[in-house]
Amino acid sequence: MSERVRVAVLISGRGSNMAALIYAAKAENCPFEIILAASNDPQAPGLTLAAAEGVETFSHPHKGMSREDHDQIMHEAITRAGADYVVLAGYMRILSDDFVRKWQGRMLNIHPSLLPKYKGLDTYQRALDAGDSHAGCSVHLVTPELDDGPVLAQTKVAILPGDTADILADRVLIAEHQLYAATLARYVTREQDPDWILEQIRSRALALDETHERASFGSPGWRVGGEKAGKYFAYFSHHHHGEAGSSLLVKTSGLDEQAALLEADPDQYFAPKFYGKSGWIAIRLDTGRTDWDHIASWLQKSWRLVAPKRLTKLADIADQF
């Protein structure tokens with residue numbers, strides 16, 4: 001298995017969801033490890049449990065501090081621990097916009113309702129009062145607006161006759177423990193999924209002017225210009241021509257630039273077997289740590305090398321504004 005993703009968990013209480021993640025991470029094939037349990041309450045029972053399981057702990061009380069200052073302290077602790085992702089597990093603090101931006105796309109939360117229903121508190125009683133047939137839980141990405149980020153997964157929990165909010169909460173918690181670990185595992189490994197990688201390339205390539213997709217030798221490719229006279233500026237390779245893994249093939253200015261890239265960063269770049277002699281370069285995409293802004297820049301650069309002059313002139317004008 002490839003190197004595990006490092007996850008920090010923020011808690012405010014007993015940390016039962018944190019515990020479920022810690023125990024899930026003990027499986028040999030789990031793609032993540034819990035490397036920090038941090039809390040705004042030094043007396044949070046979950047910190048004792050985490051320490052007993054060999055997880056580093058950190059706490060800092062928030063009373064008397066601004067939200068931004070406390071969040072910065074938490075951010076620094078998470079960064080020192082070397083976390084790749086942050087998971088909220090009963091963290092009873094509304095996070096500042098700045099903190100959320102720092103961890104955008106890398107911070108998950110679990111909420112005890114079937115979002116977008118019942119954001120905020122008292123979710124079980126609200127579901128009962130509404131006469132719903134099911135309650136449930138949702139794992140979502142964290143955004144500045146409370147409980148409003150994209151939903152990654154949900155589990156429905158049937159509401160039974162005679163249920164109270166407390167009884168229903170106990171059953172939903174069981175569902176949470178199952179859902180959170182499974183969803184986190186899928187999310188942190190998405191960048192090794194060739195279908196997900198292809199969609200990321202496709203959306204960026206087709207955002208460039210007058211581009212279209214056409215397969216070439218069984219591999220997705222993108223061209224600029226008309227259907228007949230267009231020229232390829234990028235290809236996606238997944239185990240193509242006997243090469244391992246997934247990669248993006250783009251044009252360089254020539255063999256000198258290709259050689260310089262191979263020498264400077266051989267872990268990221270390699271010469272593709274089929275196109276390497278023409279000065280193309282392959283960029284590895286399945287490491288789980290792809291810089292997609294860097295990929296977008298390469299796509300645009302390669303597009304410029306083959307695009308008609310009228311398009312590159314328009315692009316130059318647009319770049320000035």
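Rules and cut-offs
- Residues numbered from 1 in each chain as written.
- Predicted model: local features only at pLDDT ≥ 70, side-chain atom pairs only at ≥ 80, totals over all residues.
- Heavy atoms only, no water.
- Helix = DSSP H or I, 4+ residues; strand = E, 2+ residues; numbered from the N terminus.
- Contact = heavy atoms within 4.5 Å.
- Polar contact = N/O pair within 3.5 Å; in protein donor to acceptor, adjacent residues only side chain to side chain.
- Axes fitted to C-alpha atoms, helices over the stretch in contact; angles between N-to-C directions.
- Parallel < 35°, antiparallel > 145°, perpendicular 65-115°, else oblique.
- Left-handed = near helix turned anticlockwise from the far one by under 90°.
- Nonpolar A, V, L, I, M, F, W, Y, C, P; charged D, E, K, R; others polar.
- Phe/Tyr/Trp six-rings, centres within 6.5 Å; stacked < 30°, edge-to-face > 60°.
- Buried < 20%, exposed > 50% of the residue type's maximum accessible area, 1.4 Å probe, protein only.

S.K.: Help me out: how do you make sense of the environment of Ser 12 in this one?
M.R.: With respect to the element layout, Ser 12 can be found in the loop between strand S1 (5-11) and helix H1 (16-24). Once you skip the residues sitting within four places of it in the chain, Ser 12 turns out to touch Ser 39, Asn 40, Asp 41, Ala 44, Gly 90, Tyr 91 and Met 92. Looking at Ser 12, its side chain comes within polar contact range of the side chain of Asn 40, at 2.7 Å. A distance of 2.9 Å separates a polar atom in the side chain of Ser 12 from the backbone nitrogen of Met 92.

S.K.: I would appreciate a short explanation of the packing of helix H7 (residues 194-205) against helix H9 (residues 292-306) in the present structure.
M.R.: The packing of two helices is summarised by the inter-axis angle and the distance between the axes. At a closest axis distance of 10 Å, the pairing of H7 and H9 adopts a crossing angle of 50°. Looking at the two axes, H7 sits oblique to H9. Note that H7 runs across H9; the crossing there is right-handed. Across the interface between the two elements, Trp 196, Ile 197, Gln 200, Ile 201, Arg 204 and Ala 205 of H7 pack against Trp 292, Ala 296 and Leu 299 of H9. Of the residues contributing to the contact of H7 with H9, the split by class is 7 nonpolar, 1 polar and 1 charged.

S.K.: Would you take a moment to explain the packing of aromatic side chains for this structure?
M.R.: Given two aromatic rings, one states the distance between the centres and the angle between the planes to describe the pair. Inspection of the entire model under this criterion finds 9 aromatic pairs. For the ring pair Tyr 235 and Trp 280, a centre distance of 5.1 Å and an interplane angle of 45° mean the geometry is tilted. Of this pair, Tyr 235 sits in strand S10 (residues 231-238) while Trp 280 sits in strand S13 (residues 280-284), and the two are 45 residues apart along the sequence. Accessibility assignment for this pair places Tyr 235 and Trp 280 in one class, buried.

S.K.: How should I be thinking about unusual backbone geometry in this particular structure?
M.R.: What you tend to see is this: most non-glycine residues have negative phi, and most peptide bonds are trans. Of note, the bond from Leu 115 into Pro 116 is cis; its omega dihedral lies within 30 degrees of zero at 15°. Its location among the elements puts Pro 116 in the loop between strand S5 (107-111) and helix H5 (123-129). Phi is positive for Asp 147, which is not a glycine, with a value near 55°. Taking the relative accessible area as the measure of exposure, Asp 147 reaches 9% and is therefore buried.

Interpretation in functional terms is not warranted from these geometric data alone.
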